[in-house]
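Report on the structure
Each chain, written out:
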Amino acid sequence: MLIATNGRGHTVKGPSTAAIRTMLAGLDQGDHLILERQEEDREGNWYVQVWFRDENTYQLEYRDGVPAEHYQTQTESQEEVLQALLGWVADKPAWREGFTWTSIGHWFAPGPEDEDDPTA
């Protein structure tokens, strides 16, 4: 199941293209939108999210299952973000093209003090 949630807590299950477009267009600066896949046969966290930054840029991130597979990019184009979101929803591999992605998975790796803590 696909779930869209914005920073104000508005959630849409199985969002349509129009709903995703509306939620993206409605972002205020500092706000975010998350599209998440929740499937019983798929372990981990699978999502794409966009933050509308204070400097009128969009910070786009995605995670493919595990923290080590977390990437980030930025753009000023709302249309590019929309096309990326819709491509991700449709599970089209080419949705990542046109962006320079930076791996940020190391930000989410547990520190040495967390290695024995199953809640980390």
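Residues numbered from 1 in each chain as written. Predicted model: local features only at pLDDT ≥ 70, side-chain atom pairs only at ≥ 80, totals over all residues. Heavy atoms only, no water.

Thoughts on helix 2 (residues 78-89)
For helix 2, which comprises 12 residues, the first-to-last C-alpha distance of 16 Å matches the rise-based estimate of 16 Å (1.5 Å per residue) to within 8%. Structurally, helix 2 contributes buried residues whose contacts are with strand 1 (2-6), helix 1 (17-25), strand 3 (32-37), strand 4 (45-52), strand 5 (58-65) and strand 6 (70-75). Positive backbone phi, approximately 60°, marks Asp 91, located one or two places after helix 2. (Helix = DSSP H or I, 4+ residues; strand = E, 2+ residues; numbered from the N terminus. Expected span 1.5 Å × (residues − 1). Contact = heavy atoms within 4.5 Å.)

Concerning unusual backbone geometry
Backbone geometry at Asn 56 places phi at a positive 60°, although glycine is not the residue there. Locating Asn 56 in the fold gives a position in the loop between strand 4 and strand 5. A relative accessible area of 44% places Asn 56 in the partly exposed class. In this structure, Asp 91 takes a positive phi of about 60° despite not being glycine. Topologically, Asp 91 is positioned in the loop between helix 2 and strand 7 (102-103). (Buried < 20%, exposed > 50% of the residue type's maximum accessible area, 1.4 Å probe, protein only.)

Things to note about the nonpolar core
Counting residues in hydrophobic clusters, the biggest one holds 25 residues, and the most contacted among them are Leu 24, Leu 33, Leu 35, Val 48, Val 50, Leu 60 and Leu 85. Among the secondary structure elements, those contributing two or more residues to this core are strand 1, helix 1, strand 3, strand 4, strand 5 and helix 2. Top element by residues in this core is helix 2. It accounts for six residues. When neighbours within four sequence positions are excluded, Leu 33 is seen to be in contact with Ala 4, Thr 5, Asn 6, Ile 20, Met 23, Leu 24, Leu 27, Val 48, Gln 49, Val 50 and Leu 85. (Core = buried A, V, L, I, M, F, W, Y, C linked by side-chain atoms within 4.5 Å.)

Let's talk about the environment of Thr 100
Mapped onto the elements of the fold, Thr 100 is located in the loop between helix 2 and strand 7. When neighbours within four sequence positions are excluded, Thr 100 is seen to be in contact with Gln 72 and Thr 73.

Some details on helix 1
Restricting attention to buried positions, one finds in helix 1 the residues Ile 20, Met 23 and Leu 24. All buried residues of helix 1 fall inside an arc of 100° around its axis, so they share one side. Looking at the buried side of helix 1, the elements it contacts are strand 1, strand 2 (11-13), strand 3, strand 4, strand 5 and helix 2. (Arc of directions from axis to C-beta.)

Read these as geometric descriptors, not functional statements.
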